[in-house]
Amino acid sequence: RIKYDYSGNKKYNDYSLKIAVESFELYSNLLKSFSIIVLTTVVTIASGITKIPEYAFSGCTNLVSVNLPNTVISIEKAAFQNCEKLTTLTLPGNLTSIGAYAFNGCKSLPSSALNLSNSITSIGIAAFQGCDSLTYITLPNSLTTLSSDLFNSCDNLKVIEVPSSVTAITSSFA
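**What to know about the overall build of the protein**
Now for step 1: Within the protein, the secondary structure is distributed over 2 helices and 13 strands.
Now for step 2: Relative to its 174 residues, the protein shows a buried fraction of 44%.
Now for step 3: The long-range share in the protein, meaning contacts at least 24 apart out of those at least 6 apart in sequence, stands at 35%.
Now for step 4: Surface exposure of the protein reaches about 8300 Å², of which carbon and sulfur atoms provide 50%.

**A word on the environment of Val159**
Now for step 1: As for its placement among the helices and strands, Val159 is situated in strand E12 (residues 159-161).
Now for step 2: Along the sequence, Val159 and Thr135 sit 24 residues apart, while their C-alpha atoms lie 6.6 Å from each other.
Now for step 3: Once you skip the residues sitting within four places of it in the chain, Val159 turns out to touch Thr135, Tyr136 and Ile137.

**Quick look at unusual backbone geometry**
Keep in mind that most residues, glycine aside, have a negative phi and that most peptide bonds are trans.
Now for step 1: In this structure, Tyr55 is a non-glycine residue whose phi angle is positive, near 60°.
Now for step 2: Along the polypeptide, Tyr55 turns up in the loop between strand E4 (51-52) and strand E5 (65-67).
Now for step 3: Taking relative accessible area as the criterion, Tyr55 reaches 41% and is therefore assigned partly exposed.
Now for step 4: One non-glycine residue, Tyr101, lies in the positive phi region at around 60°.
Now for step 5: Locating Tyr101 in the fold gives a position in the loop between strand E8 (97-98) and strand E9 (122-123).

**Quick word on the sheet that holds strand E6 (residues 74-75)**
Now for step 1: Taken in spatial order, the 4 strands of this open sheet run E4-E6-E8-E9, and their pairing is parallel. Each edge of the open sheet carries a strand with a single partner, namely E4 and E9.
Now for step 2: Where E8 meets E9, 2 bridges bridge the pair, whose relative direction is parallel. What sits directly across from Ser97, in E9, is Ser122.

**Describing the confidence of the model for the protein**
Now for step 1: Summing up the model confidence of the protein, the mean pLDDT is 82 and the portion of residues at 70 or higher is 76%.
Now for step 2: In the predicted structure, residues 1-15 sits below a pLDDT of 50 and forms 33 contacts with residues beyond four places in sequence or in another chain.

**Side note on the packing of aromatic side chains**
Now for step 1: Following the criterion strictly, the structure yields 4 aromatic pairs and no others.
Now for step 2: Note on Phe103 and Phe128: the rings are 5.8 Å apart at their centroids and 5° apart in plane angle, and the pair reads as stacked. Here Phe103, found in the loop between E8 and E9, pairs with Phe128, found in the loop between E9 and strand E10 (136-138); they are 25 residues apart in sequence, far enough to count as distant.
Now for step 3: According to the relative accessible area criterion, Phe128 is buried, its value standing at 0%.
Now for step 4: Ring geometry for Phe128 and Phe151: centres 6.0 Å apart, planes at 10°, overall stacked. With Phe128 in the loop between E9 and E10 and Phe151 in the loop between strand E11 (145-146) and E12, this pair connects stretches of sequence that are 23 residues apart. Phe151 matches Phe128 in its accessibility class, with the two residues each being buried.
Now for step 5: Chaining the aromatic ring pairs together yields one cluster made of Phe57, Phe80, Phe103, Phe128 and Phe151.

Cut-offs and rules
- Residues numbered from 1 in each chain as written.
- Predicted model: local features only at pLDDT ≥ 70, side-chain atom pairs only at ≥ 80, totals over all residues.
- Heavy atoms only, no water.
- Helix = DSSP H or I, 4+ residues; strand = E, 2+ residues; numbered from the N terminus.
- Buried < 20%, exposed > 50% of the residue type's maximum accessible area, 1.4 Å probe, protein only.
- Contact = heavy atoms within 4.5 Å.
- Areas by Shrake-Rupley, 256 points an atom, 1.4 Å probe, with all protein chains shown as cover.
- Pairing = 2+ DSSP bridges.
- pLDDT = per-residue confidence, 0-100.
- Phe/Tyr/Trp six-rings, centres within 6.5 Å; stacked < 30°, edge-to-face > 60°.

Set out below in structure tokens:
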């Protein structure tokens, strides 16, 4: 089931769509409509969902806020890729993996939105590539490897706290 709140002003062509996702099977069919991709601004994922599928919100250029429940343990490949206006993100404490390109191109994602818990054991290649608003990040103690291009093109990233548990770095900061 998908709940949505559609509001807008036709005169000024200013629309927004708030979606509560309870099933990704239904949501993936809904996303085939280009207008849904463009209009979506707020997404709340229902409790019980355990993973955000590949490309689930990729290209939702007006997406500003995402609320993930504690039941989500995995964010798959490119799930939020190119969500250029994403500024508010609630990462669950039980999250164990962030897929390749998961937040690639999220230019507005601030450092304060990335509270990476110690349950995260893997972060895929280029997961935060092009996140221009990142200024600092603290990586969890549970990581042992930093994937390639992890922070590539994060031009404002000044501080990266790398835990002593990391034993392998594959050009993550290019």
